[in-house]
Amino acid sequence: MTDHAHTTPSPAHPADDLAAAFQIEGWPVRGRLVRLGETIDAILSAHAYPEPVAALLGEACALAALVGSSLKFEGRLIVQAQGDGPVRYVVADYDTQGHMRGYCRFDEDEVAAASQGFARPGARSLLGQGVFVMTLDRGPDFERTQGITPIEGESLSLAAEHYFQQSEQIPTKVRLAVGAVATETGMAWRAGGALIQLIAGDDARGSTEEAWNRSRALFQTLADDELLDPTITPETLLFRLFHEDGVRLEDARALVAQCRCSRARIAGVLTSFQAEERAEMVEADGMIRVTCEYCATVYELGPEEITTD
């Protein structure tokens, strides 16, 4: 995949699987836009998720890319929500190379019971009482930093808005959309997200309240199908929202589904078990099999491959 980091998309650039910043001319508002096609389809198709669970994970992935793509350092952003509901937890992992992965743990019967209504159950219905967490990981030389807030509202969008208001005191609006669309080869998952944040006023800028109210009103007109439609380019989408004021897309970054698992990592995890525990993992053919919970890759290792030296 061609690296589109630090470039401004033109018609020759992909309209999918990217995160980009945008700026409304002369407004004290910054924004970000995410479009996910093959990337989110690979993540959601790795497991047989029920539709509401897949949608929740898709939202978490879109949110992780929205926030993570703004990081000014090399590292990872992890978006996680966990509670006492049918979905025990959802986690999405974005690194600053544009690699993404995600996973949900859930009770199938409880999800089915929660999905009896006409509307798709949202984050609060699926997660129950719990917490929303954002974690910044700058690598082994730095301590992780983490912000935690209660899950507020029915959607991950509202949980994220509450997080930014409580943890960073930044007025924020978030839109997330996930859905399956028809392709030449069948149905495929898509996801999209957009975020705007107010830049605080100062002596030079003056009050920013009026501009924020106007930008929020325009942002609220953004529809799910606009975020998901592969025929609508990011530039077209932003022009529809803010064309009267001028808006430019910048700093586009390519996104791709890529797990962090490997044979060496799995072997390393297995060394943390006692010899007796590893012996119980050996199957009838003499192999130990471990399935990555993120990408569902199955690793087969012989006991002799696991060394504790």
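That block above? That's the structure.
What you see as residue numbers is a count from 1 along each chain, following the sequence as written. It should be noted that, the model being predicted, local features are given only for residues of pLDDT at least 70 and side-chain atom pairs only at 80 or more, the latter also being counted only at that level, while totals for whole chains, interfaces and linings use all residues. The side-chain figures draw on all heavy atoms in the structure; neither hydrogens nor water molecules are used.

1. Notes on the sheet that holds strand β1 (residues 18-24)
Using the following cut-off: For two strands to be treated as a pair, DSSP must find no fewer than two bridges joining them. To qualify as a helix, a DSSP run of H or I must reach at least 4 residues; to qualify as a strand, a run of E must reach at least 2; elements of each kind are numbered from the N terminus. Note on geometry: axes are lines fitted to C-alpha atoms, helical ones only across the stretch in contact, with angles between N-to-C directions running from 0 to 180 degrees. Residue contacts are counted whenever heavy atoms from the two residues lie within 4.5 Å of one another.
Read from one edge to the other, the open sheet built from 5 strands follows the order β8-β9-β2-β1-β10, with strand pairing classed as antiparallel. The open sheet terminates on both sides in strands that have one partner only, identified here as β8 (172-183) and β10 (247-254). Shown here is a sheet whose adjacent strand axes are inclined to one another by a mean of 15 degrees, direction ignored. Pairing analysis gives 12 bridges linking β8 to strand β9 (residues 186-198), with the strands arranged antiparallel. Counted as the bridge partner of Val181 is Ala188 from β9. Its contacts with the sheet put helix α1 (residues 38-45) on β2 (29-36), β8 and β9, and the angle it makes with β9 is roughly 115 degrees. Across the sheet, helix α2 (residues 51-68) is in contact with β1, β2, β8 and β9; its angle to β8 comes to roughly 130 degrees.

2. Structural notes on the packing of α2 against helix α5 (residues 156-168)
Here is the rule we go by: In this scheme, a crossing is called left-handed if the near helix is turned counterclockwise away from the far one by less than a right angle; it is called right-handed if the turn is clockwise. Note on residue classes: Ala, Val, Leu, Ile, Met, Phe, Trp, Tyr, Cys and Pro are nonpolar, Asp, Glu, Lys and Arg are charged, and everything else, Gly too, is polar.
Between α2 and α5, the shortest axis-to-axis distance is 10 Å and the interhelical angle comes to 35 degrees. Remark: the crossing between α2 and α5 carries right-handed chirality. Contact residues: Leu56, Glu59, Ala60, Leu63 and Val67 in α2; Leu156, Ala160 and Phe164 in α5. Looking at the contact of α2 with α5 residue by residue, the classes come out as 7 nonpolar, no polar and 1 charged.

3. Re the environment of Gly246
Heads up, the rule is: Burial classification: accessible surface area is computed with a 1.4 Å probe over protein chains only, and a residue below 20% of its type maximum counts as buried, one above 50% as exposed, and the rest as partly exposed.
By the secondary structure assignment, Gly246 is in the loop between α8 (234-242) and β10. Its relative accessible area of 23% is what places Gly246 among the partly exposed residues. Here Gly246 is in contact with Gln23, Ile24 and Glu25, once residues within four sequence places are set aside.

4. Considering the pattern of salt bridges
Heads up, the rule is: Each salt bridge in this description consists of a side-chain nitrogen of Lys or Arg and a carboxyl oxygen of Asp or Glu lying within 4 Å of one another.
Evaluated as defined, the whole model comprises 19 salt bridges. Notably, a salt bridge pairs Asp107 with Arg88, separated by 3.9 Å at the nearest N-O pair. In this pair, Asp107 is assigned in the loop between β5 (99-106) and α3 (108-114) and Arg88 in strand β4 (residues 87-95), connecting sequence segments 19 residues apart. For Arg289, the salt bridge goes to Asp285, with nearest N and O atoms at 2.5 Å. Exposure remark for Arg289: the relative accessible area of 28% places this residue in the partly exposed category.

5. Quick notes on the state of the cysteines
This is how it is decided: For this text, the term disulfide refers to a pair of cysteine sulfurs within 2.5 Å.
The tally for this structure, following the rule as stated, stands at 0 disulfides. Free of any disulfide, Cys292 has its nearest neighbouring cysteine sulfur in Cys259, separated by 3.6 Å. We classify Cys292 as buried; its relative accessible area is 8%. Unpaired in this structure, Cys295 has its nearest cysteine sulfur neighbour in Cys261, at a distance of 3.6 Å. Given a relative accessible area of 25%, Cys295 falls into the partly exposed group.

6. A look at the pairing of strand β6 (residues 130-137)
Pairing analysis gives 8 bridges linking strand β3 (residues 76-83) to β6, with the strands arranged antiparallel. Within the sheet, the bridge partner assigned to Leu77 lies in β6 and is Leu136. Taken together, the 6 bridges between β6 and strand β7 (residues 145-150) define a ladder with antiparallel strand orientation. Of the residues in β7, the one forming a bridge with Val133 is Ile148.

7. Re α8
Keep this limit in mind: The directions from the helix axis to the C-beta atoms form the arc being described.
Of all the positions in α8, only Pro234, Leu237, Leu238, Leu241 and Phe242 are classed as buried. End-on view of α8: buried residues confined to an arc of 105 degrees, all on one side of the axis. On its buried face, α8 sits against β1, β2, α6 (209-219), α7 (224-228) and β10.

8. Digging into the nonpolar core
For the record, the criterion: Only buried Ala, Val, Leu, Ile, Met, Phe, Trp, Tyr and Cys residues count toward a nonpolar core, and they belong to the same one when joined by side-chain atoms within 4.5 Å.
If you look at the biggest cluster of nonpolar residues, it comprises 64 residues, and the most contacted ones within it are Leu63, Phe132 and Met134. A per-element tally of this core places α2 first, with 13 residues. Excluding its chain neighbours within four sequence positions, the residues that come into contact with Leu63 are Val79, Phe132, Met134, Leu156, Ala160, Val174 and Leu176. Ile232, Leu237, Leu241 and Ala252 belong to the second-largest nonpolar core, a separate cluster that totals 23 residues.

9. What to know about the packing of aromatic side chains
Spelled out, the test is: Stacked, tilted and edge-to-face pairs are distinguished by plane angle, under 30 degrees for stacked and over 60 for edge-to-face with tilted covering the rest, among Phe, Tyr and Trp rings (Trp via its six-membered ring) whose centres lie within 6.5 Å. A positively charged side chain is recorded as over a ring if its NZ (Lys) or CZ (Arg) lies within 6 Å of the ring centre. The angle to the ring normal must also be within 35 degrees.
Across all of its chains, the model carries 7 aromatic pairs by this definition. A ring pair is formed by Tyr163 and Phe164, whose centres lie 5.5 Å apart and whose planes are at 85 degrees; its orientation type is edge-to-face. No difference in accessibility class separates Tyr163 from Phe164, as the two residues are buried. Of the aromatic side chains, those joined through ring pairs into one cluster are Phe22, Trp27 and Phe242. In this structure, Arg138 packs its charged tip against the face of Phe73, placed 4.7 Å from the ring centre. For Arg138, the ring lying beneath its charged end belongs to Phe142, and the centroid distance is 4.6 Å.

The analysis is restricted to geometry; functional conclusions fall outside its scope.
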